[in-house]
Amino acid sequence: MDDGSVAARHETDFRWPHSDTSQTPYRVYTDETLYALEQQRIFQGPVWNFIGLECEIPNPGDFKTTFAGDAPLIVVRDRDGNINAMVNRCAHKGSLVCFKPRGNVQELTCVYHNWVYDLAGNLTGVAFRRGVNGKGGLDPEFDLKKNGLQRLRVETYRGLIFGTFSDRTPPFRDYIGPELCANIDRVFPKKLKVLGYHSQVLPNNWKLYVENNKDAYHASLLHVFHNTFGVVRPTMGGGIKLSDNGWHHLSYTVRNKDSDDVVGKEQVRSLKDQYKLQDVRMMEHKLELGDYTTNAIQTIFPTTVVQQILNALAMRQLVPKGVDKSELIWTILGFEDDDVDMQELRLKVNNLVGPAGLISMEDGCVGGWVQTAAKADPTAQTVMPMGGRNIEPTEGSRVTEAAVRGFWKGWRELMGV
């Protein structure tokens, strides 16, 4: 893998106009050249992309298809139990090898010209390799070993599968650091089980959704449900944790263990006393993780989100689909040993998220609003001084944009701008 040669395919005249990341030029959301450069320097650069779960491919031959940025991938478990990830692109003509979202196979066969690969991506057979009736066929010097599927490095952590194109990507534990690994340990302490999937197309650049997840203080302003029903309120405990390099973050909210209503009456638009739930069971919070955390949103640069909202556990995978569109894939999770009542509770609370979620529907709108307005003047800039202009964690408050500034620090470092 040669990151330097890959990154050199695209260049840009864009340069960050100042020394900090508390102001972001709108051009970063609308520029086609920057989008192309991101695919090489970020998604195929020294980062870990979330590409699946071990429980999605439990048996030999089980596979799923997914993406790392624009690049289509196959994730498969081989006969020895190893998990392999390859670019879903035949070495012959570049056709997709797998076009189903998941399944079980003995080998990987491209339907176009029947090139066959084993479950590690090695080319094992070519149709008409020796021609027909002694005529045609491959050059005798053709080397099958040099024409397999492009492979990624793979690591797993707590049942999550990550892939990287780069030899320079540090081990996953080092990539996000021990403090943020500890949150994954907390949220996923047992074997996972998939309860279902949501998928939604967002009318905005992928970075706008990443910023939304890193901007913790909008939750009690934008989301009526969060504030009204006490999932996230400004005066609740919690804070923001950041990796040492600022790229990755965790925002979390902790309810006062002695009171369900720790706030009183904040005078904000999102607090609506007149709203009630006919079925309050969806707001039950079983303290299965050993603490009073109601909301924990963790981002792993560039596009991965680990979610705990009450008892609703999920992985969110963001897939860029062009400069002004992205797809958000939610994998709704429980544990293998959940009883019927706990599984039902998780599914009830899951109504908070997804395309029509009582919380998520607002996040699905705001990125599009920014995308539309950003086109008016690409040289204009956002203003993000909340919590100062530094990139540092906070304890007891989430009223900061430090994690957003940390994302832009990572983006700039990888993009070289």
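Our structure's up above, just so we're on the same page.
Residues numbered from 1 in each chain as written. Predicted model: local features only at pLDDT ≥ 70, side-chain atom pairs only at ≥ 80, totals over all residues. Heavy atoms only, no water.

Caption draft 1: Molecular detail of the packing of aromatic side chains. One pass over the structure, following the stated rule, counts 17 aromatic pairs. Centre to centre, the rings of W115 and F142 are 5.8 Å apart; their planes meet at 75°, and the pair counts as edge-to-face. With W115 in the loop between β6 (108-109) and β7 (116-117) and F142 in the loop between β8 (123-125) and β9 (153-157), this residue pair connects regions lying 27 residues apart in the sequence. We classify W115 as buried; its relative accessible area is 6%. For F142, a relative accessible area of 21% gives the class partly exposed. Of the aromatic side chains, those joined through ring pairs into one cluster are F14, W16, Y26, Y29, F43, Y175, W206, W247, F301, F407, W408 and W411. The residue whose ring lies beneath K241 is Y252, and the NZ or CZ to ring-centre distance is 5.4 Å. (Phe/Tyr/Trp six-rings, centres within 6.5 Å; stacked < 30°, edge-to-face > 60°. Helix = DSSP H or I, 4+ residues; strand = E, 2+ residues; numbered from the N terminus. Buried < 20%, exposed > 50% of the residue type's maximum accessible area, 1.4 Å probe, protein only. Lys NZ or Arg CZ within 6 Å of the ring centre and 35° of its normal.)

Caption draft 2: Layout of the sheet that holds strand β10 (residues 160-164). Spatial ordering of the open sheet is given by β1-β10-β9, a layout of 3 strands whose pairing is antiparallel. The open sheet has two edge strands, β1 (49-53) and β9, and neither has a second partner. Each neighbouring strand pair of the sheet contributes to a mean axis angle of 30°, computed without reference to strand direction. Bridge analysis of β1 against β10 gives 4 bridges, and the strand direction is antiparallel. (Pairing = 2+ DSSP bridges. Axes fitted to C-alpha atoms, helices over the stretch in contact; angles between N-to-C directions.)

Caption draft 3: Examining the pairing of strand β12 (residues 237-242) more closely. Two elements, β12 and strand β13 (residues 249-254), share 6 bridges in a ladder whose sense is antiparallel. The partner of G237 across the bridge, within β13, is V254.

Caption draft 4: Focus on the environment of E38. Positionally, E38 belongs in helix α2 (residues 32-43). For E38 and M415, which are 377 residues apart along the polypeptide, the C-alpha to C-alpha distance reads 6.9 Å. Apart from residues no more than four positions distant in its own chain, E38 is found in contact with F43, W206, K207, W411 and M415. (Contact = heavy atoms within 4.5 Å.)

Caption draft 5: Layout of the nonpolar core. Of all hydrophobic cores here, the largest spans 69 residues; its most connected members are L160, F172, Y175, F188, W408 and W411. Top contributing element to this core by residue count: helix α10 (residues 402-415), with 6 residues. In this view, F172 contacts W48, E155, Y157, F162, I184 and I300; residues no more than four positions away in its chain are not counted. In this structure, V76, V97, C98 and L144 belong to the second largest nonpolar core, which totals 16 residues. (Core = buried A, V, L, I, M, F, W, Y, C linked by side-chain atoms within 4.5 Å.)

Caption draft 6: Main features of unusual backbone geometry. Cis rather than trans, the peptide bond between F301 and P302 has omega equal to 10°. Relative to the assigned elements, P302 resides in the loop between β14 (293-300) and β15 (304-309). With a phi angle near 50°, R158 is a residue other than glycine that sits in the positive phi range. By the element assignment, R158 lies in the loop between β9 and β10. The exposure class assigned to R158 is partly exposed, which follows from its relative accessible area of 37%. The residue L310 is not glycine, and still its phi comes out positive at about 55°. Position of L310 among the secondary structure elements: in the loop between β15 and β16 (312-320). Accessibility expressed as a relative area gives 1% for L310, which makes it buried.

Caption draft 7: Just the packing of helix α5 (residues 206-214) against α10, in detail. Where α5 contacts α10, the two axes come as close as 8 Å, and the packing angle between them is 140°. Compared by their axis directions, α5 and α10 come out oblique. Regarding α5 and α10, the two cross each other, and that crossing is right-handed. Residues W206, K207, V210, E211 and K214 of α5 touch α10, and the partners they reach there are A403, V404, F407, W408 and W411. Considering only residue class, the contact of α5 with α10 consists of 7 nonpolar, no polar and 3 charged. (Parallel < 35°, antiparallel > 145°, perpendicular 65-115°, else oblique. Left-handed = near helix turned anticlockwise from the far one by under 90°. Nonpolar A, V, L, I, M, F, W, Y, C, P; charged D, E, K, R; others polar.)

Caption draft 8: Local environment of the sheet that holds strand β5 (residues 102-104). An order of β4-β3-β2-β5 is seen for the 4 strands of this open sheet, with the pairing classed as antiparallel. The open sheet has two edge strands with one neighbour each: β4 (83-87) and β5. Strand-to-strand twist across the sheet, computed as the mean angle between neighbouring axes with direction ignored, equals 25°. Pairing analysis gives 3 bridges linking strand β2 (residues 62-68) to β5, with the strands arranged antiparallel. Paired with F63 across the two strands is G103, which belongs to β5.

Caption draft 9: Expanded view of the side chain of H249. The topology assignment puts H249 in strand β13. At 2.7 Å, the side chain of H249 and the side chain of T299 are in polar contact. Setting aside chain neighbours within four positions, we find H249 in contact with L180, N213, K214, I240, K241, L242, I297, Q298, T299 and A403. (Polar contact = N/O pair within 3.5 Å; in protein donor to acceptor, adjacent residues only side chain to side chain.)

Any functional reading would require information beyond the geometric quantities listed.
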